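Residue strings, one per chain:
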Amino acid sequence: MTEAETFDVIVVGAGVLGVATAYYIQKNSPDKDVLLLDRYLAPGQANTAMSAAAVRNMFASSTNQLLTDTTIKYVEHVQEGLGRELLFEKTGYLWLLSERQFSNGSAQLWMHRMDASGINYRVYEKEELTQMVPGLNMDFVGDEEAELMHLEQASYGLYGGDCGVLDPTRLVEYYYEEFKSLSSVRPRFGVEVERLILEADPKLDLPGEPFVWQEKRVTGVQTDRGELRARDAVVLATGAWSNALLDPIGIDSQTKGKKRQLFVVHASDKPALNELLFTDGFNSLGCIPFTILPSAGVYFRPQLQEKGFWIGCGDKLGRAFKYVQTDDDLVPESAYYENSVYPVLSKYFPAFEDVRPVNSWAGGYCYSPDAIPFVYFDHGVLVVNGASGSGIMKSDALGRIADALFRGEEYAELYGGRKIKADALSIKHRDVEVESVVI
Ligand SMILES: Cc1cc2nc3c(=O)[nH]c(=O)nc-3n(C[C@H](O)[C@H](O)[C@H](O)COP(=O)(O)OP(=O)(O)OC[C@H]3O[C@@H](n4cnc5c(N)ncnc54)[C@H](O)[C@@H]3O)c2cc1C
């Protein structure tokens, strides 16, 4: 029997979290053989590529604030300091809130926590919004359709000036190329991991191992191209697909997949949309910020390169938590745009009336119960997942935390020198605040 190929570390999943993790592990442990692999034919082709790739540090939990703030600063450093173009554009984030939403406890706590952490944001009042946001319908009085849809009119805008958008493919490329420049092992693509190999530790070579009384450890992966062994760790950065590998060995990832869709609308054909896209006054780019409407979870991202908007919706009740397993789950639904998103969007911004998407796609979020990611090292498998729809904006911090856990460090040092306990995002020693500001 031929010996299985063996590496020190096998990183399964080359999305943004896998490439960032592979990079930091390799960088800080140069002598280790780190194999990065993915079932797709190139890195960053799954949910990373489907993302709106907006980045914000405007979270309510101090944990997410830390993960995103340090990642955004790192992204800025890569682009400005290292001269790597990531198409990071500080469009800002604009959360439109109704009077009721603004004055309720959770928004107040959100702002209080942002004040305490020094997050850069400001509040726009109704009169300012009226002047600054072209075509924003702020008067739903007597509007039966708005009433039927339970739409609350915007009265405030919370604007985060350090937030923006980037190109996730370029971010993946950056980590991937940096990783490759350090690694002596060629990454492998088109390789499907079928299962994790869990073995007795130490092995006694008895038939039927591992028994309940034995210690156990993940020692490798069974792929569709054969078996691969890992001396130190199998890193699982498989996002919404993690349960397919963790459930069979009895590790409850506590994450669930959910479908998310984006629809592209071009602004060029309609002067009112063009005017909205090129709104002045919020940022130096002269464009409308990434904007979240007060009701129904509808949001849009300005897309300056293609002169348009990406429109999405963080629907919650009614959208199944579904194991995102096959590509069928990833087909965008045009009826969803027509019947769910469009009526809301065009009510707040009549400029979108009669404009139809020119493109659309769907992917899966990997939700954790508290909307904070998971990073833990359990019996040989190092899991990085549960980014809950914000993995791009947390990627640098999560890669560093995974690496700190790998090296057995008590603390992970994030970009800029801020620290977090390396096991703070684990299941067993979780030390986080529940996140309430999730789209
Ligand atoms: C519509 C949409 C909008 C989003 N918007 C934003 C946003 O604005 N900002 C933001 O920060 N985040 C956003 N996200 C979330 C973001 O995309 C994810 O949090 C992030 O991509 C997670 O990265 P990942 O590496 O865990 O996952 P993925 O990119 O999904 O990578 C997982 C990889 O694992 C591989 N894999 C899985 N199973 C196996 C296996 N058995 N064998 C081999 N390979 C395997 C997959 O092929 C894949 O490449 C959005 C997501 C969607 C779907």
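Quick notes on the rules
Residues numbered from 1 in each chain as written. Predicted model: local features only at pLDDT ≥ 70, side-chain atom pairs only at ≥ 80, totals over all residues. Heavy atoms only, no water. Helix = DSSP H or I, 4+ residues; strand = E, 2+ residues; numbered from the N terminus. Expected span 1.5 Å × (residues − 1). Buried < 20%, exposed > 50% of the residue type's maximum accessible area, 1.4 Å probe, protein only. Pairing = 2+ DSSP bridges. Axes fitted to C-alpha atoms, helices over the stretch in contact; angles between N-to-C directions. Contact = heavy atoms within 4.5 Å. Domains from an automatic or database assignment. Buried area = accessible area lost by both parts, 1.4 Å probe. Polar contact = N/O pair within 3.5 Å; in protein donor to acceptor, adjacent residues only side chain to side chain. Nonpolar A, V, L, I, M, F, W, Y, C, P; charged D, E, K, R; others polar.

Draft legend 1. Expanded view of helix H12 (residues 395-406). The end-to-end C-alpha distance of H12 is 16 Å, a good match for the 16 Å that twelve residues give at a rise of 1.5 Å each. Counting buried positions along H12 gives twelve out of twelve residues, so the element sits mostly inside the fold. All of the buried residues in H12 are Ser395, Asp396, Ala397, Leu398, Gly399, Arg400, Ile401, Ala402, Asp403, Ala404, Leu405 and Phe406. Immediately beyond the C-terminal end of H12, within one or two residues, lies Gly408, with a positive phi of roughly 75°.

Draft legend 2. Expanded view of the sheet that holds strand E5 (residues 121-125). One open sheet accounts for eight strands, arranged E5-E6-E4-E13-E14-E15-E12-E16; its pairing is mixed. Two strands in the sheet have a free side with no partner beyond their single neighbour: E5 and strand E16 (359-367). Across this sheet, the average inter-strand angle for adjacent strands is 20°, counted without regard to direction. In this structure, strand E12 (residues 256-266) lies alongside strand E15 (residues 308-313), joined through five bridges in antiparallel fashion. Within E15, the position partnered with Val264 by the bridge is Trp310. Seen against the sheet, helix H5 (residues 105-117) touches strand E4 (93-97), E5 and strand E6 (156-160) and runs at an angle of roughly 140° to E5. Lying over the sheet, helix H11 (residues 334-348) contacts E12, strand E14 (298-303) and E15, oriented at roughly 105° with respect to E15.

Draft legend 3. Inspection of the domain arrangement of the protein at higher detail. Splitting the protein by domain gives domain 1 (5-51 + 170-255 + 370-421) and domain 2 (93-160 + 256-366). Each of domain 1 and domain 2 has a C-alpha centre, and these two points are 34 Å apart. At the interface, 18 residues of domain 1 touch 15 residues of domain 2. Carbon and sulfur atoms make up 55% of the surface buried where domain 1 meets domain 2, a total of about 1,200 Å² over both sides. Between domain 1 and domain 2 we count four residue pairs in polar contact (both at pLDDT 80 or more) in total. For the side of domain 1 that touches domain 2, the secondary-structure elements that each account for two or more residues are helix H2 (47-50) and helix H9 (242-246). Split into classes, the residues belonging to the side of domain 1 that touches domain 2 amount to seven nonpolar, ten polar and one charged.

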